[in-house]
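Listed here are the chains, written in short residue letters.
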Amino acid sequence: MVAAQIEAANPGVQTEIQVIKTQGDLIQDKPLNEFGGKGVFVQEIEQALLTGRIDLAVHSLKDMPAEQAAGLTMAITPRREDPRDVLINFGGWHSLAEIPAGSTIATGSLRRICQLQKLLPQVNTAPVRGNVETRLRKAAENGWQGVILAAAGLKRLGMAALIDEKGILLPPDAMLPAPAQGVLGLEIREGDQQTLELLAPLHHQPSHRQALAERAFLRGIEGGCHAPLGAFCRLLGDEFEIEGFFQTEHNYYRQSLRGRQGQEAEFGRALAEKIKEMIADE
(Lines give C-alpha, C1' and ligand atoms only; values in the text may rest on other atoms or scores of the structure.)
Protein backbone atom coordinates (compact mmCIF):
# COMPACT_ATOMS: atom_id res chain seq x y z
CA MET A 1 0.00 0.00 0.00
CA VAL A 2 2.80 2.42 0.93
CA ALA A 3 4.80 1.45 -2.16
CA ALA A 4 1.80 2.24 -4.37
CA GLN A 5 1.30 5.60 -2.65
CA ILE A 6 4.97 6.52 -3.11
CA GLU A 7 4.86 5.66 -6.82
CA ALA A 8 1.56 7.53 -7.33
CA ALA A 9 2.94 10.66 -5.63
CA ASN A 10 6.31 10.53 -7.41
CA PRO A 11 5.88 9.72 -11.14
CA GLY A 12 8.81 7.73 -12.52
CA VAL A 13 9.88 6.37 -9.12
CA GLN A 14 9.91 2.59 -8.78
CA THR A 15 9.90 0.74 -5.46
CA GLU A 16 11.08 -2.73 -4.54
CA ILE A 17 9.56 -4.59 -1.56
CA GLN A 18 11.72 -6.80 0.65
CA VAL A 19 9.91 -9.00 3.18
CA ILE A 20 11.93 -9.42 6.40
CA LYS A 21 10.83 -11.92 9.05
CA THR A 22 11.29 -10.75 12.64
CA GLN A 23 11.53 -12.59 15.95
CA GLY A 24 7.92 -11.63 16.68
CA ASP A 25 6.79 -13.20 13.40
CA LEU A 26 8.74 -16.42 13.87
CA ILE A 27 7.91 -17.26 17.52
CA GLN A 28 4.23 -18.17 17.55
CA ASP A 29 3.94 -20.44 20.59
CA LYS A 30 4.45 -17.88 23.37
CA PRO A 31 2.53 -14.77 24.48
CA LEU A 32 4.32 -11.59 23.43
CA ASN A 33 4.95 -10.50 27.02
CA GLU A 34 6.97 -13.70 27.66
CA PHE A 35 9.80 -13.29 25.18
CA GLY A 36 12.16 -10.88 23.53
CA GLY A 37 11.38 -7.70 25.44
CA LYS A 38 10.78 -4.56 23.40
CA GLY A 39 11.13 -4.42 19.63
CA VAL A 40 10.41 -8.06 18.75
CA PHE A 41 8.72 -6.97 15.51
CA VAL A 42 11.33 -4.42 14.43
CA GLN A 43 14.95 -5.31 15.26
CA GLU A 44 15.77 -7.26 12.08
CA ILE A 45 14.07 -4.62 9.92
CA GLU A 46 15.90 -1.74 11.61
CA GLN A 47 19.21 -3.54 11.12
CA ALA A 48 18.51 -3.79 7.38
CA LEU A 49 17.77 -0.07 7.36
CA LEU A 50 20.95 0.87 9.22
CA THR A 51 23.14 -1.23 6.91
CA GLY A 52 21.59 0.30 3.77
CA ARG A 53 19.97 -2.93 2.59
CA ILE A 54 16.63 -1.06 2.52
CA ASP A 55 15.80 2.66 2.47
CA LEU A 56 12.38 2.61 4.15
CA ALA A 57 10.85 0.38 6.81
CA VAL A 58 7.06 0.16 7.08
CA HIS A 59 5.97 -0.83 10.57
CA SER A 60 2.76 -1.08 12.51
CA LEU A 61 3.54 1.84 14.81
CA LYS A 62 1.84 0.19 17.79
CA ASP A 63 4.52 -2.55 17.66
CA MET A 64 7.40 -0.07 17.80
CA PRO A 65 9.41 0.42 21.00
CA ALA A 66 8.80 3.78 22.64
CA GLU A 67 12.42 4.86 22.09
CA GLN A 68 13.70 5.31 18.54
CA ALA A 69 16.82 3.38 17.52
CA ALA A 70 19.91 5.58 17.10
CA GLY A 71 20.45 6.76 13.53
CA LEU A 72 16.80 6.27 12.51
CA THR A 73 13.81 8.58 12.40
CA MET A 74 10.06 8.58 11.69
CA ALA A 75 9.19 12.04 10.39
CA ILE A 76 6.27 11.05 8.14
CA THR A 77 2.90 9.79 9.39
CA PRO A 78 0.40 8.53 6.77
CA ARG A 79 -3.36 8.79 7.32
CA ARG A 80 -4.49 6.64 10.23
CA GLU A 81 -6.73 3.64 9.64
CA ASP A 82 -9.56 2.78 12.09
CA PRO A 83 -7.95 2.76 15.59
CA ARG A 84 -10.62 0.59 17.23
CA ASP A 85 -10.51 -3.00 18.39
CA VAL A 86 -13.23 -5.33 17.12
CA LEU A 87 -14.65 -8.49 18.67
CA ILE A 88 -15.25 -11.01 15.88
CA ASN A 89 -17.78 -13.44 17.33
CA PHE A 90 -19.31 -16.74 16.23
CA GLY A 91 -22.52 -16.43 18.22
CA GLY A 92 -24.33 -13.93 16.01
CA TRP A 93 -24.20 -11.27 18.74
CA HIS A 94 -24.39 -7.56 17.89
CA SER A 95 -23.47 -6.05 21.27
CA LEU A 96 -21.41 -6.92 24.33
CA ALA A 97 -24.59 -7.22 26.39
CA GLU A 98 -25.64 -10.26 24.34
CA ILE A 99 -22.51 -12.31 25.13
CA PRO A 100 -23.43 -15.06 27.62
CA ALA A 101 -21.51 -15.76 30.82
CA GLY A 102 -18.82 -18.40 30.45
CA SER A 103 -18.03 -17.51 26.84
CA THR A 104 -14.35 -17.68 25.85
CA ILE A 105 -12.83 -14.79 23.91
CA ALA A 106 -9.35 -15.21 22.38
CA THR A 107 -6.67 -12.55 22.71
CA GLY A 108 -2.98 -12.61 23.61
CA SER A 109 -2.88 -8.92 24.53
CA LEU A 110 -2.66 -7.92 28.21
CA ARG A 111 -4.20 -4.58 27.23
CA ARG A 112 -7.25 -6.27 25.75
CA ILE A 113 -7.52 -8.88 28.51
CA CYS A 114 -7.66 -6.44 31.40
CA GLN A 115 -10.14 -4.13 29.66
CA LEU A 116 -12.33 -7.04 28.56
CA GLN A 117 -12.42 -8.30 32.15
CA LYS A 118 -13.71 -4.90 33.25
CA LEU A 119 -16.34 -4.82 30.49
CA LEU A 120 -17.39 -8.48 30.78
CA PRO A 121 -16.20 -9.98 34.07
CA GLN A 122 -18.27 -13.12 33.39
CA VAL A 123 -16.29 -13.93 30.19
CA ASN A 124 -13.12 -16.07 29.97
CA THR A 125 -10.08 -15.30 27.81
CA ALA A 126 -7.73 -17.63 25.93
CA PRO A 127 -4.29 -16.74 24.50
CA VAL A 128 -3.86 -16.71 20.71
CA ARG A 129 -1.00 -15.68 18.40
CA GLY A 130 -0.41 -15.55 14.66
CA ASN A 131 -1.69 -13.51 11.73
CA VAL A 132 -5.37 -12.63 11.34
CA GLU A 133 -6.34 -15.78 9.41
CA THR A 134 -4.51 -18.00 11.93
CA ARG A 135 -6.23 -16.38 14.91
CA LEU A 136 -9.66 -16.75 13.33
CA ARG A 137 -8.96 -20.39 12.48
CA LYS A 138 -7.64 -21.21 15.97
CA ALA A 139 -10.67 -19.58 17.60
CA ALA A 140 -13.06 -21.62 15.45
CA GLU A 141 -11.12 -24.89 15.91
CA ASN A 142 -11.05 -24.51 19.70
CA GLY A 143 -14.74 -23.74 19.91
CA TRP A 144 -14.13 -20.28 21.37
CA GLN A 145 -16.92 -17.77 21.02
CA GLY A 146 -14.85 -14.91 19.61
CA VAL A 147 -11.49 -13.25 19.06
CA ILE A 148 -10.45 -9.60 19.47
CA LEU A 149 -8.52 -8.06 16.56
CA ALA A 150 -7.54 -4.60 15.38
CA ALA A 151 -10.08 -3.16 12.95
CA ALA A 152 -7.19 -1.57 11.02
CA GLY A 153 -5.64 -4.96 10.26
CA LEU A 154 -8.91 -6.41 8.99
CA LYS A 155 -9.57 -3.38 6.78
CA ARG A 156 -6.05 -3.32 5.33
CA LEU A 157 -6.36 -7.04 4.52
CA GLY A 158 -9.61 -6.43 2.62
CA MET A 159 -11.67 -8.15 5.33
CA ALA A 160 -13.93 -5.24 6.29
CA ALA A 161 -16.98 -7.39 5.41
CA LEU A 162 -16.11 -9.65 8.34
CA ILE A 163 -16.54 -6.68 10.69
CA ASP A 164 -20.00 -6.06 9.26
CA GLU A 165 -20.98 -9.74 9.42
CA LYS A 166 -19.54 -10.89 12.75
CA GLY A 167 -17.98 -7.89 14.43
CA ILE A 168 -18.75 -5.82 17.51
CA LEU A 169 -16.68 -2.64 17.24
CA LEU A 170 -15.20 -1.49 20.55
CA PRO A 171 -14.87 2.32 20.61
CA PRO A 172 -12.11 3.90 22.73
CA ASP A 173 -14.71 4.76 25.38
CA ALA A 174 -15.12 1.01 25.94
CA MET A 175 -11.63 -0.27 25.10
CA LEU A 176 -8.67 2.08 24.71
CA PRO A 177 -6.51 0.97 21.76
CA ALA A 178 -2.77 0.49 21.87
CA PRO A 179 -0.88 3.76 21.43
CA ALA A 180 -0.86 4.61 17.69
CA GLN A 181 -3.01 1.59 16.75
CA GLY A 182 -3.94 1.90 13.08
CA VAL A 183 -0.95 4.15 12.31
CA LEU A 184 1.89 3.04 10.04
CA GLY A 185 5.41 3.97 11.10
CA LEU A 186 7.55 4.99 8.13
CA GLU A 187 11.12 4.69 9.34
CA ILE A 188 14.18 5.97 7.44
CA ARG A 189 17.82 6.72 8.17
CA GLU A 190 18.51 10.13 9.71
CA GLY A 191 19.75 12.54 7.07
CA ASP A 192 18.25 10.60 4.13
CA GLN A 193 16.72 13.68 2.50
CA GLN A 194 16.00 11.91 -0.79
CA THR A 195 13.70 9.31 0.79
CA LEU A 196 12.14 11.93 3.06
CA GLU A 197 11.14 14.03 0.04
CA LEU A 198 9.57 10.99 -1.68
CA LEU A 199 7.50 10.32 1.46
CA ALA A 200 6.45 13.93 2.12
CA PRO A 201 3.20 13.72 0.05
CA LEU A 202 2.01 10.82 2.28
CA HIS A 203 2.11 12.89 5.49
CA HIS A 204 -1.22 13.41 7.32
CA GLN A 205 -0.92 16.02 10.07
CA PRO A 206 -4.02 15.04 12.13
CA SER A 207 -2.77 11.44 12.35
CA HIS A 208 0.68 12.76 13.24
CA ARG A 209 -0.80 14.77 16.13
CA GLN A 210 -2.53 11.68 17.50
CA ALA A 211 0.60 9.56 17.19
CA LEU A 212 2.72 12.22 18.94
CA ALA A 213 0.41 12.29 21.97
CA GLU A 214 -0.08 8.54 22.25
CA ARG A 215 3.58 7.66 21.71
CA ALA A 216 4.64 10.29 24.27
CA PHE A 217 2.32 8.61 26.78
CA LEU A 218 3.92 5.22 25.96
CA ARG A 219 7.43 6.63 26.48
CA GLY A 220 6.42 8.35 29.71
CA ILE A 221 4.69 5.37 31.27
CA GLU A 222 7.75 3.17 30.46
CA GLY A 223 5.58 0.12 30.00
CA GLY A 224 6.65 -1.21 26.62
CA CYS A 225 4.29 -2.05 23.78
CA HIS A 226 3.09 -5.32 25.36
CA ALA A 227 2.27 -3.99 28.86
CA PRO A 228 -1.35 -3.62 30.09
CA LEU A 229 -1.77 -0.04 28.87
CA GLY A 230 -3.65 1.88 26.21
CA ALA A 231 -4.02 5.44 24.95
CA PHE A 232 -6.10 7.41 22.49
CA CYS A 233 -5.94 11.04 21.37
CA ARG A 234 -9.25 12.61 20.29
CA LEU A 235 -8.82 15.67 18.05
CA LEU A 236 -11.23 18.48 18.88
CA GLY A 237 -10.39 21.13 16.29
CA ASP A 238 -7.49 23.16 17.66
CA GLU A 239 -7.74 21.23 20.91
CA PHE A 240 -7.35 17.55 21.77
CA GLU A 241 -7.94 15.10 24.60
CA ILE A 242 -5.42 12.40 25.42
CA GLU A 243 -6.79 9.50 27.45
CA GLY A 244 -4.72 6.63 28.80
CA PHE A 245 -4.80 3.70 31.19
CA PHE A 246 -2.36 1.44 32.97
CA GLN A 247 -3.18 -1.64 35.02
CA THR A 248 -1.03 -2.78 37.93
CA GLU A 249 -1.39 -6.04 39.81
CA HIS A 250 -3.98 -4.43 42.08
CA ASN A 251 -5.63 -1.50 40.30
CA TYR A 252 -6.77 -0.06 36.95
CA TYR A 253 -5.86 3.60 36.39
CA ARG A 254 -7.56 5.59 33.62
CA GLN A 255 -7.20 9.36 33.22
CA SER A 256 -7.38 12.06 30.53
CA LEU A 257 -6.02 15.55 29.87
CA ARG A 258 -7.00 18.29 27.42
CA GLY A 259 -4.58 20.54 25.59
CA ARG A 260 -4.20 22.76 22.55
CA GLN A 261 -2.64 21.96 19.18
CA GLY A 262 1.14 21.83 19.48
CA GLN A 263 1.06 20.40 23.02
CA GLU A 264 0.40 16.77 22.01
CA ALA A 265 3.75 15.31 23.07
CA GLU A 266 3.91 17.47 26.19
CA PHE A 267 0.46 16.38 27.38
CA GLY A 268 1.06 12.74 26.52
CA ARG A 269 4.07 12.80 28.85
CA ALA A 270 2.10 14.73 31.48
CA LEU A 271 -0.69 12.13 31.44
CA ALA A 272 1.86 9.36 31.94
CA GLU A 273 3.35 11.20 34.91
CA LYS A 274 -0.13 11.72 36.38
CA ILE A 275 -0.86 7.99 36.26
CA LYS A 276 2.62 7.09 37.57
CA GLU A 277 2.02 9.33 40.59
CA MET A 278 -1.24 7.48 41.28
CA ILE A 279 0.60 4.14 41.03
CA ALA A 280 3.30 5.43 43.39
CA ASP A 281 0.59 6.29 45.94
CA GLU A 282 -0.61 2.69 45.70
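My aim in this report is to walk through the structure given alongside it, one point at a time.

Cut-offs applied
- Residues numbered from 1 in each chain as written.
- Predicted model: local features only at pLDDT ≥ 70, side-chain atom pairs only at ≥ 80, totals over all residues.
- Heavy atoms only, no water.
- Core = buried A, V, L, I, M, F, W, Y, C linked by side-chain atoms within 4.5 Å.
- Buried < 20%, exposed > 50% of the residue type's maximum accessible area, 1.4 Å probe, protein only.
- Helix = DSSP H or I, 4+ residues; strand = E, 2+ residues; numbered from the N terminus.
- Contact = heavy atoms within 4.5 Å.
- 1 Å grid on protein atoms, 1.4 Å probe; cavity = no way out; pocket = protein on both sides within 12 Å on 5 of 7 lines; lining within 4 Å.
- Points joined across faces, edges and corners; volume = space filled by probe spheres on them.
- Nonpolar A, V, L, I, M, F, W, Y, C, P; charged D, E, K, R; others polar.

1. Focus on the nonpolar core
In step 1: Counting residues in each nonpolar core, the largest one holds 17 residues, and the members touching the most others are Phe217, Ile221, Leu229, Ile242, Phe246 and Ile275.
In step 2: Of all the secondary-structure elements, those providing two or more residues to this core are helix 9 (205–221), strand 9 (229–236), strand 10 (239–247) and helix 10 (264–281).
In step 3: Those residues within four positions of Phe217 in sequence are excluded, and the remaining contacts are Leu229, Gly230, Ala231, Gly244, Phe245, Gly268, Arg269, Leu271, Ala272 and Ile275.
In step 4: Judged by nonpolar contacts, the second largest core, of 16 residues, contains Ala139, Trp144, Ala151 and Leu162.

2. Some points on the layout of surface pockets
In step 1: By volume, the second largest pocket is sized at about 270 Å³.
In step 2: If you trace the second largest pocket, you find 16 residues lining it, with Gln68, Met74, Leu212, Arg215 and Arg219 closest to the centre.
In step 3: Sorting the residues of the lining of the second largest pocket by element identifies strand 2 (72–76), strand 8 (184–189) and helix 9 as the ones contributing at least two each.
In step 4: Among the elements that line the lining of the second largest pocket, the one with the most residues is helix 9, at five residues.
In step 5: The residue makeup of the lining of the second largest pocket, split by class, is nine nonpolar, five polar and two charged.

3. A few points about the environment of Arg269
In step 1: Mapping Arg269 onto the fold places it in helix 10.
In step 2: For Arg269, a relative accessible area of 44% translates into the label partly exposed.
In step 3: Distance in space between the C-alpha atoms of Arg269 and Ile99 is 37 Å, their sequence separation being 170 residues.
In step 4: Look past the residues within four positions of Arg269 in its chain and what remains in contact with it is Ala216 and Phe217.

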